[in-house]
Each structure stands twice: as structure tokens, then as C-alpha cells.
Amino acid sequence: NLSEITTYTTDQVKALIRQTNHTYQGSPPPLKSQIYSYNMTDTNGSEVTVYARVFMPTVNKGAELPVFAFAPGTTGIDDQCAATLENPSKRNWANYASLMAAYATEGYVTVSTDYEGMRDKSRLHHYMVGSLEGRALLDAARSLKNLSLTQDTADTDQTFLAGYSQGGHAALWADKIAPNYAPELIIKGVVTYGPVTDVKQTLTDITKGANILWFGPYLLRSYADWYQDSYDLSTFLQPPFSTNLTADIANNCIDTNIQYWGNKDITKVYTPDFIQAMREGTLAQYAPNFQDKLNLNLAGDTKTSSRILINQGKLDNVI
């Protein structure tokens, strides 16, 4: 599936970048952009359709540009929350089009991917399953060699993997699995911004003031579906969240999560026993299956040959 190619003039690119960088004064080249779909293979061997958005500067014929493959931060799990559907004037999840356009003006073919299960009515997006996130990002980079807009320009021998928050988790996982899953890509570097590396730690940090009370419900919905685990939600979540989980996930994206689940009072969302297990480090006894799945999705725990840059915000109360 392909959208029409959009061409941005220098003035239009400048206006797009200024949506997120209000003082931008550059003289950017014109850009071309397209939203398209590609195929990835999940760890069960199933072919999955994933959507992505590409930006490419106007270049002379025969010129090759390095690839900047970017995975977005949490936008949600439901199809409506896919980053390629973002319309910042109506619902702003980070304005990834503006950010990726800025990278493209620096001489990259940038591709920002959705995740497996998004814009796909046949399956759920499996949030914080690192092997699936990593495959989506690697296949997004691979797909540029098959896309007519980029196939002669994208140099996948110079691929940079990048991502913010959940996307940082995806980029680190992509780097870890690339030698086996996508050996034809040459990874020149990994750039992460506030990456989730230890999913269990990020969940536990909700008990220390991290304002992501929705994180636990997202994990429980995702892991129950992907790993086919059966969780007694009443041992994790307070009502009505314990009884409305499927609808809650479907009805909220990142821009409404705090409004819906709150950002301070964890006792309204989580049970006292679950809070205690997280605080005391006894999750292995309280919910062994759940802890096992959290530990399966550690990122950055395997030494690779890639150069890795981790950017971290001083005021971040989540990571």
C-alpha cells in the first residue's frame, strides 16, 4: 500500500521543522515523503504488514544517502494510535513527521515505522515485546531498497537505528538481533533517546513517581495476548481497570493515557499487594509468569559491535 508522494518546498520544509523547533533558521533542501506498507516476519514465522513514513531530500541522480531508521515512542496499542496516522493539529503524539523531516535535511533517508499489529485488524500490537519491535525497525530499513522512491538512494550499508522511549527499546533490540535477522544491513550506529531498557524497572518506577500509570495495563494486555498467558487482572489492577482492560486499551492513545489512568495516585490503578511486590522486589513470588516475560524483554543487555549513543533528559521522571 502506497500513499501519494508528497513534495515539500524549502519553505514548506522550514515550516514543518518549526512545528517542533520553533527557532529553526536553516535553509533546508526540498523533501519528498511517502507513507507505505512493508512486510515483516514475526517470531512465529507469520508475515505481518507494517506501515512506515519516509522522508528523502532531493538529490542528484546516482547519489546515495545513509539511512536513519527511527522507532517512535509509545503512541498506544490500538490501530488508531499508529504513528503514521498522527495528525498533530488534532492529536499530537510528538509530531514525528516534523522530527524526521529535520533529520532528512541533514542528508539522511529517514524512515519512521509503526509497530507490528498497528493498522492491522487481525492482531494486537504487542507492546514492549523487543523481538517484534526490533524486527519491525530492521524491516523498515530493508524495505527502502524495494520502495521506488528510495531504492536508488538509500544506502543500507550505512544504516543508523534510532528511537525514543519505546522506540529506544526497539532500536536496541534491532541492534541485538540484526546479525541473525538482517545480516545484509550494515549497522553504523544506534541512537536512542530516553530508551526503556529494563521493562520491569520502568514498571517498578511507577511506585517511585514515574507518571506512566498506564504502563502496567499496556504490558498486561500485550503479554497476555502474545505469550498466551492468563493473568488474573484483579490481582494487578483495581476496578474498573481490572474489568475494562480491553476497552481501555482500545479507547486511549498516548495523548489521553494520563487523563484516563491519572499520573500520581497509583492506588487508584494498582492493587496494594501488587504495589507492595513491586516496591519490595518480590514480583517473582507474586506473579512469576509476568516477571519472566518482563525479563525476556531486557534491552541493551547484549554486547554488540555497534557504536551506541544514549541521550537522556535531566528532567525525565520515567526513565
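In this report, the structure presented in the accompanying data block is examined.

Rules of the game
The numbering scheme is per chain: residues are counted from 1 as the chain's sequence reads. Only residues with pLDDT of 70 or above have their local features reported here, since the model is predicted, and side-chain atom pairs are shown and tallied only from 80 upward, although totals for entire chains, interfaces and linings are computed over all residues. To obtain the side-chain values, all non-hydrogen atoms of the structure were used and water was disregarded. Secondary structure elements are taken from DSSP: a helix is a run of H or I of four residues or more, a strand is a run of E of two residues or more, and numbering for both begins at the N terminus. Every radius of gyration here is taken over C-alpha atoms, with the globule rule written as 2.2 Å times N^0.38, N being the number of residues. Partly exposed residues are those whose accessible area sits between 20% and 50% of the maximum for their type, while under 20% is buried and over 50% is exposed, using a 1.4 Å probe and protein chains only. The contact definition used throughout considers only heavy atoms, calling two residues in contact when any of these lie within 4.5 Å. A pair of strands counts as paired when DSSP detects no fewer than two bridges linking them. Helix axes use the C-alpha atoms of the stretch in contact, all axes being lines fitted to C-alpha atoms, and the angles between their N-to-C directions lie in the range 0 to 180 degrees. Each polar contact in these results corresponds to two N or O atoms within 3.5 Å; when the atoms are within protein, one needs to be able to donate a hydrogen and the other to accept it, and residues that are neighboring in sequence are counted only if both atoms are side-chain atoms. Residue types Ala, Val, Leu, Ile, Met, Phe, Trp, Tyr and Cys, when buried and joined through side-chain atoms within 4.5 Å, form a set referred to as a nonpolar core. Read the arc as the range of directions from the helix axis to the C-beta atoms. Each angle gets one of four labels, with under 35 degrees taken as roughly parallel, over 145 as roughly antiparallel, 65 to 115 as roughly perpendicular, and the rest as oblique. When residues are grouped by polarity, Ala, Val, Leu, Ile, Met, Phe, Trp, Tyr, Cys and Pro land in nonpolar, Asp, Glu, Lys and Arg in charged, and all others, Gly among them, in polar.

1. A short note on the overall build of the chain
Each helix and strand in the chain was counted, giving eleven helices and eight strands. Here the C-alpha atoms of the chain give a radius of gyration of 20 Å, agreeing with the 20 Å that 2.2 N^0.38 yields for 319 residues. Taking the principal axes of its C-alpha atoms as reference, the chain extends roughly 65 × 40 × 40 Å. Counting only residues that meet the buried cut, the chain has 54% of its 319 residues in that class. Counting only contacts in the chain whose residues sit at least 6 apart along the sequence, the fraction spanning at least 24 positions is 75%.

2. Some points on the sheet that holds strand 3 (residues 47-57)
Read from one edge of the open sheet, eight strands run 1-2-3-5-4-6-7-8, paired in mixed fashion. The outermost strands of the open sheet, each flanked by one partner alone, are strand 1 (6-8) and strand 8 (308-311). Taken pair by pair, the neighbouring strands of this sheet meet at an average axis angle of 25 degrees, ignoring direction. Sheet topology note: the strand 4 (residues 65-71)/strand 5 (residues 109-113) ladder contains four bridges and is parallel.

3. Quick word on the side chain of N252
Position of N252 relative to the elements: it lies in the loop between helix 7 (245-251) and helix 8 (254-261). Looking at N252, its side chain comes within polar contact range of the main-chain oxygen of D248, at 2.9 Å. At 2.8 Å, the side chain of N252 and the side chain of T256 are in polar contact. Ignoring sequence-local partners within four residues, the contact set of N252 consists of Q80, C81, Y218, N257, Y260 and W261.

4. Digging into the nonpolar core
Residues L138, L203, F215, L219 and F290 are the most contacted members of the largest nonpolar core, which totals 80 residues. If one sorts the elements of this core by residue count, helix 4 (residues 166-181) sits on top with eight residues. Those residues within four positions of L219 in sequence are excluded, and the remaining contacts are Y127, M128, V199, L203, A224, F290 and L294. In terms of nonpolar packing, the next biggest core, distinct from the first, is built from 17 residues, L16, F68, A83 and A104 among them.

5. Section: helix 9 (residues 272-280)
An α-helical turn contains 3.6 residues, so any two residues separated by three or four positions project in the same direction. All of the buried residues in helix 9 are F274, I275, A277 and M278. Buried residues of helix 9, seen end-on, are gathered within an arc of 160 degrees and therefore sit on one face of the element. Turned more than 90 degrees away from the buried face of helix 9 sit P272, R279 and E280, all of them exposed. Packing partners of the buried residues in helix 9 comprise helix 5 (199-204), helix 10 (283-286) and helix 11 (288-296). Where helix 9 ends, the next residue or the one after it, G281, has phi of about 70 degrees, a positive value.

6. Regarding the packing of helix 3 (residues 130-143) against helix 4
Between helix 3 and helix 4, whose axes approach to 7 Å, the crossing angle comes to 75 degrees. For the element pair helix 3 / helix 4, the angle class is roughly perpendicular. On helix 4, the residues touching G130, S131, E133, G134, R135, L137, L138, D139 and R142 of helix 3 are Q166, H169, A170, A171, W173, A174, I177, A178 and Y181. Of the residues contributing to the contact of helix 3 with helix 4, the split by class is nine nonpolar, five polar and four charged.

7. Side note on the pairing of strand 2 (residues 31-41)
Pairing geometry for strand 1 and strand 2, over three bridges, is antiparallel. Considered in strand 2, the bridge of Y8 is made with L31. Bridge count between strand 2 and strand 3: eleven bridges; the pairing is antiparallel. Residue Y36 lies in a different strand from strand 3, and its bridge partner there is A52. From the end of strand 2 to the start of strand 3, which pair antiparallel, there are five residues, and G45 there has a positive phi angle of about 90 degrees.

8. Considerations on helix 11
Taken together, the buried positions of helix 11 are occupied by F290, Q291, K293 and L294. Along helix 11, the residues classed as buried sweep out an arc of 160 degrees about the axis, all on the same side.

9. Quick look at unusual backbone geometry
Most peptide bonds take the trans configuration, and most residues that are not glycine carry a negative phi. Note the cis peptide between P239 and P240, where omega equals 5 degrees. Tracing the backbone shows P240 in the loop between helix 6 (215-226) and helix 7. For M128, which is not a glycine, the phi torsion comes out positive at approximately 60 degrees. Along the chain, M128 turns up in the loop between strand 5 and helix 3. For M128, a relative accessible area of 0% translates into the label buried. Positioned with a positive phi, Q228 is a non-glycine residue whose angle comes to about 55 degrees. Tracing the chain through its elements places Q228 in the loop between helix 6 and helix 7. You can call Q228 exposed: its relative accessible area is 65%.

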